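Listed below, chain by chain, are the residues.
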Amino acid sequence: MVFEKLQGIIVEELGVEKEEVTLEAHINDDLGADSLDAVELVMAIEEEFDVEVSDEKAQEFKTVGQIVQFIEGLK
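A quick note: this is a predicted structure, and the numbers were derived from the prediction, not measured.

Caption draft 1: Looking closely at the side chain of Q7. Tracing the chain through its elements places Q7 in helix α1 (residues 2-14). Take Q7: its relative accessible area is 9%, and that puts it in the buried class. At 3.1 Å, the side chain of Q7 and the backbone oxygen of V21 are in polar contact.

Caption draft 2: Broad picture of a negative patch on the surface. Residues E17, E19, E20, D29 and D30 make up a contiguous surface patch of negative charge. Tracing the backbone through its elements, the reader meets D30 in the loop between α1 and α2 (35-49). According to the relative accessible area criterion, D30 is partly exposed, its value standing at 46%.

Caption draft 3: Representation of α2. The end-to-end C-alpha distance of α2 is 21 Å, a good match for the 21 Å that 15 residues give at a rise of 1.5 Å each. Those residues of α2 that sit buried are D37, L41, V42, A44, I45 and F49. Taken down its axis, α2 places every buried residue within 165° of arc, on the same side. Exposed and facing more than 90 degrees away from the buried side of α2 are S35, L36, M43 and E47. Structurally, α2 contributes buried residues whose contacts are with α1, α3 (55-60) and α4 (64-74). Phi for D50, located one or two positions after α2, is positive at around 55°.

Caption draft 4: Quick peek at α4. For α4, the set of buried residues is V64, G65, I67, V68, F70 and I71. Against the buried residues of α4 lie α1, α2 and α3.

Caption draft 5: The side chain of D37, seen in detail. Residue placement: D37 occurs in helix α2. Comment: no salt bridge for buried D37; closest opposite-charge side chain is K62, at 15 Å. Excluding anything up to four places from it in sequence, D37 contacts L14 and G32.

What counts, and at which threshold
Residues numbered from 1 in each chain as written. Predicted model: local features only at pLDDT ≥ 70, side-chain atom pairs only at ≥ 80, totals over all residues. Heavy atoms only, no water. Helix = DSSP H or I, 4+ residues; strand = E, 2+ residues; numbered from the N terminus. Buried < 20%, exposed > 50% of the residue type's maximum accessible area, 1.4 Å probe, protein only. Polar contact = N/O pair within 3.5 Å; in protein donor to acceptor, adjacent residues only side chain to side chain. Patch = residues over 30% accessible without salt bridge, like charges linked within 9 Å, V, L, I, M, F, W, Y side chains within 5 Å. Areas by Shrake-Rupley, 256 points an atom, 1.4 Å probe, with all protein chains shown as cover. Salt bridge = Lys/Arg side-chain N within 4 Å of Asp/Glu carboxyl O. Lys, Arg positive; Asp, Glu negative; His and termini not counted. Charge placed at Lys NZ, Arg CZ, Asp CG, Glu CD. Expected span 1.5 Å × (residues − 1). Arc of directions from axis to C-beta. Contact = heavy atoms within 4.5 Å.

Rendered as structure tokens:
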């Protein structure tokens, strides 16, 4: 459930194909996010999941799977 929601957010924010968004996908290298994209992505995640992500934590996110683990760890 978390992954599917996150996948939708990433497709919308980064303009990538749904198939490209896997747990192993690297946010910068595979999905092409730059630093501005990453900030907007974190903001969208915070809004969708009603969570707060610190700047330090956001910088640790390298893969989609890491974001899913973070969100699931808060629930």
